[in-house]
Structure formats: structure tokens, C-alpha cells
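Report on the structure
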Amino acid sequence: MNWILLLLALVMIACILCNKLTSKIGMPVLLAFLAVGMLCGVDGPLHIRFDNYALTETLCTVALIFIIFYGGFGTKWRAAKPVAGKAVLLSTLGVFLTAAAMGVFCRFALHTGWLEGMLMGAVLGSTDAASVFSILRSKKLDLKYGTASLLEVESGSNDPVAYLITTIVLAMMTTEISAGRMLYMIFAQIVYGVGIGAVLAVCTVFSCGGSDLKRPASIPFFMAAIAILSYVLPVLIGGNGYLSAYIAGIILATRRFPTKRIRCIFLTA
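1. Description of the overall build of the protein chain
Scanning the protein chain from terminus to terminus reveals 12 helices and 0 strands. Starting at the N terminus, the α and β elements of the protein chain follow one another as α-α-α-α-α-α-α-α-α-α-α-α. Excluding contacts between residues fewer than 6 apart, the proportion of contacts in the protein chain whose partners are at least 24 apart in sequence is 69%. Of the roughly 16100 Å² of accessible surface on the protein chain, 71% is carried by carbon and sulfur atoms.

2. A look at the nonpolar core
Counting residues in hydrophobic clusters, the biggest one holds 28 residues, and the most contacted among them are Ile65, Phe69, Met223 and Leu252. The set of elements that each furnish at least two residues to this core consists of helix 3 (53–73), helix 8 (147–174), helix 9 (179–210), helix 10 (219–236) and helix 11 (241–254). The element best represented in this core is helix 11, accounting for 9 residues. Met118, Ala122, Ala162 and Ile165 belong to the second largest nonpolar core, which has 8 residues in total.

3. Re a nonpolar patch on the surface
A contiguous nonpolar patch, built from Ile228, Leu229, Val232, Leu233, Leu236 and Ile237 and spanning about 490 Å² of accessible area, is present on the exposed surface. Of note, Leu229 is situated in helix 10. Residue classification places Leu229 among the partly exposed residues on the basis of a relative accessible area of 36%.

Criteria and cut-off values
- Residues numbered from 1 in each chain as written.
- Predicted model: local features only at pLDDT ≥ 70, side-chain atom pairs only at ≥ 80, totals over all residues.
- Heavy atoms only, no water.
- Helix = DSSP H or I, 4+ residues; strand = E, 2+ residues; numbered from the N terminus.
- Contact = heavy atoms within 4.5 Å.
- Areas by Shrake-Rupley, 256 points an atom, 1.4 Å probe, with all protein chains shown as cover.
- Core = buried A, V, L, I, M, F, W, Y, C linked by side-chain atoms within 4.5 Å.
- Buried < 20%, exposed > 50% of the residue type's maximum accessible area, 1.4 Å probe, protein only.
- Patch = residues over 30% accessible without salt bridge, like charges linked within 9 Å, V, L, I, M, F, W, Y side chains within 5 Å.
- Salt bridge = Lys/Arg side-chain N within 4 Å of Asp/Glu carboxyl O.

Worth remembering: the numbers are spatial, not functional.
Given below as C-alpha cells:
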């Protein structure tokens, strides 16, 4: 345990130092994080072997919840509203077409099955929200025609769509699924995800009025709880948790309440 804690501390320090270094040379910090991971991996100098896939899935899920929630919470809706339609079109139809094109490529170039190709296409069909947010917001690029807002909204909303496609393809690969069942899965993922995220965000706005959330110390924990809750509730009934977290973040970003002036300290640190 002590060795694990020591390694964890050293990796965190290395990531912080890389963040300062990459900000000076203009390189995306995520590339530095990947380099640190490769150095610590089984093929790197430290030769750390890690095969706990269940733990990896849990950690990645929690991290993605916060990334997507903050993506919505940090969106400037006034700038994003004019390009919202284009962003939604790119994050839905664009992701589907990308996944389909990748599936066709895998089928004929790699000789996989159609479903296996579509699965790889669904996994690769969306952009990485963390890298897009990091580059656009840290560099403050002055892109024309609302391109920055378009990219932010698209990158934050395409992960739920890719997750939906992945879920459907996996269901088709593992079980016999009817057309009615598939339609219900799509309905549940979208409607429950959007509905629960919106209701939870509205309830949060009303609850902040009479709660003791004006103290800065309580805000990170409260917002972390809201982000996790917005994911868990729809998942329990078959909804899309990532879509719910993104919708909740966007709605909270458009409302004025006492805690809004301190924007997700636990995420931006």
C-alpha cells in the first residue's frame, strides 16, 4: 500500500509539472499525461502491470461523468446558442456516419464482422471532450464564426451518442433483440437522460436558495454529488447517464444562483 501511495504521489506531481511545461511550449497537456502513463505502463521503464479491468471501467466512468458535466457547466450558452443546432447535428448524425464509415472500413479492410466493425466505429466515432475543452479554454483561441462554441457543444454532446450506439451494438451482439426493443432502448436512453438531467438541474437551482451553500468549502462536494446523481438516476432505469450529466450541467450554467460564481472548483483545479 505504501508503494502504491508513493507512486500515486509521484504521478500526480509529474502531471502538475507537465501541465506547467506544456502551457509554455503550446503542447496539449493530455499528450504529456499519455506519455506519463506510457512510462509507467508494462512496456515502459517502470513495468507496472495492471489488469484490473473492472476498476479501470469504474475510474474511467467517474472521470467521464465529471468531464461531461463540467463541459456543460462551463459552456457559455449565450455564445453557444446560435450554433446549437449545428452542434447537435454533428454530435448525432455526424457520430453515426463516422461510426458507420469506420464499420465499413473494418469490415472490408480488417475483415471483421459487421457488428464488430460497428462497435469499433462507435468507440472511435466521438471526439475526446477533455482534450477539446482543455485546448479551447486554456489557449482562449479567437476562432471565427462561433467555431469554438460549436466545437465545445459538439464534443460535450457526442459522447452520449457514441455511448448509445455502443450500447445498441453490444445488445445486438450478445442477445436477440427485436426492433421494438431497440426502439425502446433509444427512447429510454434519450428521454430518460434528458428528462432526469433537466429535472435534477431545476431542483438543484431551487434547493440552492434556502441551503447553506454560500460557504465555498461546501460547493465542490455539492456539485460533485449533483454530477454523480445526474448519471446514476437515469442509468438505474435504462437512461443515458452521460447525456443526463451534460444536460444538467448546461441548465445549471444558464441559471443564476448563489453558488454559480464559484465554478466547479473541484473540476478546474
